[in-house]
Amino acid sequence: MSIKNNKSITILFLIASITIFSFLIYNIFIYSNKFNSKESSLTNILSIEKINYIINKIENEQIYSAIYLGNREEIRKNQVNSFRKIVDQEIEEALIFFNKNSKFLYQKELLTKTLIQLKKIRESIDLNNKSYQISLFDNYDNRIIQPLNNIIKEFDKNFSKKYTQELSLFKKLITIKINLNTETSFISFILSNSKKMNLIELHLWENLINQDTTPNFQSLKKAEIRKELYDTINPIYFSNIKNNERAEIFNNTLNGNYSISIEKWLNVSTSKIDKINVAQKILFINIKSTLNQEIEKLENTLIKTILASLFFFLFILMLIYLSYNIRKNSLYLTETLKDIEAELNEKQKIEIQNVIRKNDTIEIYKFLANAIKEPSREKDNFLANMSHEIRTPLNGIIGFTNLLKAKDLEEEQLEFVNIIEESSNNLLNIVNDILDFAKVSSGKIELEYISFNIMEKFEACVESYTIKATQKNIELGLFIDPELPTEIMGDSTKISQVLLNLLSNAIKFTPDDGQINISIEKISETSKDIDIQFSVKDSGIGIENEKKDKIFDAFSQADASTNRKFGGTGLGLTISSKFVELMNGELNIRSKKGKGSTFFFTLTLKRSRDAKPQIKTKHTNLNIGYITEETLFTNDVDKNFEKYIQYIGTNFKTYNNQSELFNSKSLPDILFINDRYITNKELLKRLLRLDTKIVFITTPNNQQYLKINKNKIAKTIYKPINFSKIIQTIELLSETGKLKKVEKVEKKIDIELFPNMNILVAEDNTINQKLIFNILKNFKTNVTIASNGKEAFKLFKEKEYDIIFMDIKMPIMSGIEATSTIIAYEKEKKQKHIPIIALTANIRQEDKEKYLKIGMDDYLEKPIQIKKLKATLQKYFLSQKDRIEIKKSNILLYKETKVSGKLYEAILNSLGYRVDLSNSEDDFKEQIKNKKYKFALFDAKPLSTLKVEASQNTMIDLIKNNGAIPFAFTEEKEYKRYCQTIKERSNIEELQKILKQA
């Protein structure tokens, strides 16, 4: 239809739209009133809750005031003062709450008067000016508690009849509770004073007892609430509470020699009052839950109505606008469409040209509707802001974890810190990937292709979920095929995220005391590629066959009940499936309802050039024992353990009968005990007395382990069992007959110093301020902190700095504004430019390009990586200071003669190296295993026999496997086939040259 003929249709649409819009506005008014009414009811419920809580606290004060009136001991005075403070604090908090709403003026005034009245009552009690009956009954009950109770009754008038039953019952419970507390305080006074009771007092007590009734919940319509209340207050049991105590007290009223203590009386009274409090809480929860549901429903309806109104309002404006344009001419609309053409992609440009040629309104509306559906710039900005807000606190977690690693930590502490670090990094990667979910769907995610250590990466990855598994007492197993090489090529981050998603789901859907096993196995290999199958098997709820395909859809789970019970968005499996597809694999599932599930996928990954076998040394002469309950392993964790042990060539034997072990003449060299199979404390003590090395497999929170003698245990392994833990344990315990004391492993941040470098840091977040300050201080720099861009500019003018680190998002003046101001000032004053480095949590490439464009010299992403920070400092420190420091490295030195060792130690120290000197070959081997070195220098033995040659090869392999460069002191040319050599009579210059070139 031509634009010229659209005028009449536009007017008809306009009238219809205005009619619908008016109807929607009317509904908004109705729903708003209902919503406000429900909100007010909820506020009133909260107010009743607060007043009721204050009454409870005042009644406690009343009881202990009664005891103090009867027995004026100092300890009773302290108890009363303590309860007085609690009451005052609760009233003050309630006043703050009521101050927020003007409709609570009366309640606020009454609470203020209550505070004044309480002060007078307390003074009269302290001075003993009134009789106890006036103090307890007239003052507390009539002047304080009853007026507060009246407030609750006033609130009752504002509620819908829908809640009449609950509120009526609630008021009855308050009356019963007030009566019980009055009786409690009255009898507490009698007991504390050992007072004989006269007829008036007995009559008063009798009245209080007669008012001790059992509430009737039959009037409640909701059966589940009624049952819950009856379960709390059993009529028969509730009515009998305190009767025995009352009888004993009554028998001694004439002589005052009461056999029941105040504490016993208070305990039994409190137990009865507590049941009423619980019943009141049940009623409150029910009312609040119903109100919240109604409010949520009204809110959703109101939002939908507002959105619909907004839509029709915009639609009306659009119709008016179109009508105006039609009256002018179609040329204006055509020109307008041409104006927006610059913002469109090539495909849309072609479409808009066709629309202009047709001059058809329907085609124009279709085009605009399709354009609006495409992702907008606002969504990108939202994702960028979300990324910034999440990455900022992660910067603190990861940064302080790195600083913590620089401290002298125990082996177990270091393991925990490594888990925190790995978990934080995984979370950071997950955040980045979820923010790019749209790119995943469109296939725009780029895969990394780097070399990584498969054991280190995935063992640490699974270790981060140990605590979650332990909380549900889930037996967590991990098998990484030892036949896999050390290094492979691929995207380890994406694979880790897939495994973590699958493991997280497995823990979520596996009940307590269940089992989960992660398996990474080699399927096949060629000279270049390796096919690896990854699987996560659980003993959870399982999935029905007809619902298996649905779980891989975005935002969905097997069924709605699953979502309600276990939570989650259902996005994890979708992301995992997409990642596996991008890596040319397919995520599949084997599952049976109620029998658990196994998620698995196979990837073809490249061998790395640095790939090596996992271990070279076989322990064929070593006997390993393992205690279990079954002859044949059926548990995946036990199967994993057996495969690891068999891979290193040991003689492996299981003991499912402990008597066989105790009666054996030949014990294994190392006995592994899994706490899952040893629950008897005495049996464990007996096992620890065996003359063999004991390795205890347990969890950190095992109470049985905490109570046993640790000196009897050669090594403790925390679950899950993995290949590295097994190998380290075997290597540690197999070398000598006795367990050696192992030096603490030094794993500190490699810190390079930048002395006297003046650094200005502009950062508004206090945690990040502290983090970067501590990191830079470790580099021996001089650090100044500014909390915003304006403060940074002021400090820049006052002092000369070598480099400025500038946060982007800051109050008062942003990092971009501050940078522009600094650069303009430098140009105006003709000063030398100071390098400005952006500190940003925005990871989009266009953001980074923008920072460089405005004049920043570089950028560092948050969370800050210390290596990148150090590289940045080194880059600008060296260029401005024009100096090169000798990079000091660690050297492990072994010389057979002590004199020669001391001589070389002095020479190497003079060259700027840090040297550890070993006194024996065994000591040298132990140190190279437990500390990181760059170079290892040792006296070589002549290669005269095959046995010696094999021994020296083992020494060299040991050095290389632990990351050091071996150097042999020898004149033999044959050694050069295995490692670099140093002549015994090398001078200082030659030695320096050899190490520098290495």
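Residues numbered from 1 in each chain as written. Predicted model: local features only at pLDDT ≥ 70, side-chain atom pairs only at ≥ 80, totals over all residues. Heavy atoms only, no water.

Visitor: Which parts of the structure should I look at to understand the overall build of the protein chain?
Guide: Across its full length, the protein chain holds 35 helices and 22 strands. Burial analysis of the protein chain (998 residues in total) assigns 48% to the buried set. Within the protein chain, contacts between residues at least 6 apart in sequence are counted, and of these 71% link residues at least 24 apart. As presented, the protein chain carries roughly 52200 Å² of accessible surface, and 52% of it is formed by carbon and sulfur atoms. (Helix = DSSP H or I, 4+ residues; strand = E, 2+ residues; numbered from the N terminus. Buried < 20%, exposed > 50% of the residue type's maximum accessible area, 1.4 Å probe, protein only. Contact = heavy atoms within 4.5 Å. Areas by Shrake-Rupley, 256 points an atom, 1.4 Å probe, with all protein chains shown as cover.)

Visitor: Got a minute to help me understand the pattern of salt bridges in this structure?
Guide: Two side chains with opposite charge may pair up if their charged atoms get near one another. Under the criterion given, the structure shown has 26 salt bridges. Salt-bridge contacts for Asp126 lead to Arg84; the nearest nitrogen and oxygen are separated by 3.2 Å. With Asp126 in helix H3 (residues 105–127) and Arg84 in helix H2 (residues 74–99), this residue pair connects regions lying 42 residues apart in the sequence. A relative accessible area of 30% places Asp126 in the partly exposed class. Residue Arg607 is joined to Glu525 by a salt bridge in which the shortest nitrogen-to-oxygen separation is 2.2 Å. Placement of Arg607 in strand S7 (residues 596–607) and of Glu525 in strand S4 (residues 515–525) is noted, with a sequence separation of 82 residues between them. Overall, Arg607 belongs to the partly exposed group, its relative accessible area being 30%. For Glu525, a relative accessible area of 37% puts it in the partly exposed group. Connected via shared salt-bridge partners are Glu183, Asp212, Lys242, Arg246 and Lys272. (Salt bridge = Lys/Arg side-chain N within 4 Å of Asp/Glu carboxyl O.)

Visitor: What am I meant to see in the packing of aromatic side chains here?
Guide: To describe a pair of aromatic rings, you give the distance between the ring centres and the angle between the ring planes. The full count for this structure, using the stated rule, is 27 aromatic pairs. Taking the centre distance of 5.8 Å and the plane angle of 70° together, the rings of Tyr647 and Phe723 count as edge-to-face. Of the two residues, Tyr647 sits in helix H22 (residues 636–647) while Phe723 sits in helix H26 (residues 723–734), which places them 76 residues apart along the sequence. The buried category is assigned to Tyr647, whose relative accessible area is 13%. An aromatic cluster is built from Tyr626, Phe641, Phe652, Phe672 and Tyr677, whose rings are joined through pairwise contacts. Across the ring face of Phe600, the terminal group of Arg590 is positioned such that the distance to the ring centre comes to 4.3 Å. In this arrangement the basic side chain of Lys643 is found over the ring face of Phe479, its NZ or CZ atom lying 4.7 Å from the centre. (Phe/Tyr/Trp six-rings, centres within 6.5 Å; stacked < 30°, edge-to-face > 60°. Lys NZ or Arg CZ within 6 Å of the ring centre and 35° of its normal.)

Visitor: Can you walk me through the pairing of strand S15 (residues 803–807) in this structure?
Guide: Successive residues of a regular strand alternate their side chains across the two faces of the sheet. The element S15 is largely enclosed, with a buried count of five among its five residues. Burial of the side chains of S15 extends over both faces: Ile803, Phe805 and Asp807 are buried on one face and Ile804 and Met806 on the other. Strand direction decides the pairing type here: S15 and strand S16 (residues 836–840), joined by four bridges, are parallel. Bridge pairing links Ile804 to Ile836 in S16. Handedness of the crossover joining S15 and S16 through helix H29 (residues 815–829) is recorded here as right-handed. (Pairing = 2+ DSSP bridges. Right-handed = clockwise from strand over helix to strand, strands pointing away.)

Visitor: Quick question: what am I supposed to make of the sheet that holds strand S22 (residues 980–982) here?
Guide: The pairing of strands in a sheet happens through backbone hydrogen bonds and is either parallel or antiparallel. Pairing is parallel across the open sheet formed by five strands, whose spatial order is S19-S18-S20-S21-S22. Each edge of the open sheet is held by one strand with a lone partner, namely strand S19 (914–918) and S22. Across this sheet, the average inter-strand angle for adjacent strands is 25°, counted without regard to direction. Bridging between strand S21 (residues 965–969) and S22 involves three bridges; their strand directions are parallel. If you follow Phe969 over to S22, its bridge partner there is Ile982. Across the sheet, helix H33 (residues 921–930) is in contact with strand S18 (890–894), S19 and strand S20 (935–939); its angle to S18 comes to roughly 160°. (Axes fitted to C-alpha atoms, helices over the stretch in contact; angles between N-to-C directions.)

Visitor: Quick question: what am I supposed to make of the nonpolar core here?
Guide: If you look at soluble globular proteins, the nonpolar side chains tend to sit buried side by side. Core analysis: the largest hydrophobic core is formed by 79 residues, its most contacted members being Leu111, Leu148, Phe186 and Leu229. Put simply, the parts of the chain that give this core at least two residues each are helix H1 (7–70), H2, H3, helix H4 (132–156), helix H5 (164–193), helix H6 (199–210), helix H7 (223–232) and helix H10 (262–328). It is H10 that provides the largest number of residues to this core, a total of 14 residues. Core analysis: the second largest hydrophobic core is formed by 66 residues, Cys461, Leu500, Phe534 and Phe552 among them. (Core = buried A, V, L, I, M, F, W, Y, C linked by side-chain atoms within 4.5 Å.)

Visitor: How should I be thinking about the sheet that holds strand S12 (residues 715–718) in this particular structure?
Guide: Pairing is parallel in the open sheet, where five strands are placed in the order S9-S8-S10-S11-S12. The outermost strands of the open sheet, each flanked by one partner alone, are strand S9 (651–655) and S12. For this sheet, the mean inter-axis angle between neighbouring strands, taken without regard to orientation, is 20°. Strand direction decides the pairing type here: strand S8 (residues 623–627) and S9, joined by five bridges, are parallel. Note on S9: the bridge partner recorded for Ile624 is Phe652.

Visitor: Explain a nonpolar patch on the surface here, please?
Guide: Taken together, the side chains of Ile303, Leu307, Leu310, Phe313, Leu314, Leu317 and Ile320 present a nonpolar region at the surface, about 630 Å² in accessible area. With respect to the helices and strands, the residue Phe313 is situated in helix H10. Residue classification places Phe313 among the partly exposed positions, given a relative accessible area of 37%. (Patch = residues over 30% accessible without salt bridge, like charges linked within 9 Å, V, L, I, M, F, W, Y side chains within 5 Å.)

Visitor: Looking at this structure, how should I read the packing of H6 against helix H9 (residues 243–251)?
Guide: A pair of packed helices is characterised by two quantities: the angle between their axes and the separation of those axes. Across the interface, H6 lies against H9 with an axial gap of 13 Å and an inter-helix angle of 170°. One finds that H6 runs roughly antiparallel with respect to H9. In this structure, H6 uses Leu202, Trp205 and Ile209 to contact H9, whose residues at the interface are Arg246, Ile249 and Phe250. (Parallel < 35°, antiparallel > 145°, perpendicular 65-115°, else oblique.)

Visitor: Quick question: what am I supposed to make of helix H17 (residues 454–463) here?
Guide: Note that an α-helix has 3.6 residues per turn; residues three or four places apart therefore point the same way. Most of H17 is tucked away: eight of the 10 residues are buried. Among the residues making up H17, those that are buried are Ile454, Met455, Lys457, Phe458, Glu459, Cys461, Val462 and Glu463.

Visitor: Looking at this structure, I do not really get a positive patch on the surface. What am I missing?
Guide: Among the surface-exposed residues, Lys681, Lys685, Arg686, Arg689, Lys707 and Lys712 lie close enough to one another that they form a single positively charged patch. Ranked by residues supplied to the positive patch, first place goes to helix H24 (residues 681–688) with three residues. Mapping Lys712 onto the fold places it in the loop between helix H25 (703–707) and S12. (Lys, Arg positive; Asp, Glu negative; His and termini not counted. Charge placed at Lys NZ, Arg CZ, Asp CG, Glu CD.)

Visitor: What is the right way to read the confidence of the model for the protein chain from this model?
Guide: For residues with low pLDDT, the predicted coordinates do not support detailed interpretation. When the pLDDT values of the protein chain are averaged, the result is 79; 80% of them are 70 or greater. Long-range and interchain partners of residues 560–569, a stretch whose pLDDT sits below 50, account for 14 contacts in this model, where long-range means more than four residues apart. In this model residues 879–888 is a low-confidence stretch, pLDDT under 50, and it forms 15 contacts with partners more than four residues away in sequence or in other chains. (pLDDT = per-residue confidence, 0-100.)

Visitor: Quick question: what am I supposed to make of the side chain of Asp481 here?
Guide: Relative to the helices and strands, Asp481 resides in the loop between strand S2 (475–480) and strand S3 (487–490). Put simply, Asp481 is tucked away with no salt bridge, and the nearest opposite charge, on Lys522, sits 5.9 Å away. A polar side-chain atom of Asp481 sits 3.0 Å from the main-chain amide nitrogen of Glu483. Those residues in contact with Asp481 that sit more than four places away from it in its chain are Met455, Ile520, Glu521 and Lys522. (Polar contact = N/O pair within 3.5 Å; in protein donor to acceptor, adjacent residues only side chain to side chain.)

Visitor: Can you walk me through H9 in this structure?
Guide: Those residues of H9 lying buried are Glu245, Arg246 and Ile249. Buried residues along H9 cover an arc of 100° about the axis, so they all sit on one side. With respect to the buried face of H9, the exposed residues turned more than 90 degrees away are Asn244 and Asn251. (Arc of directions from axis to C-beta.)

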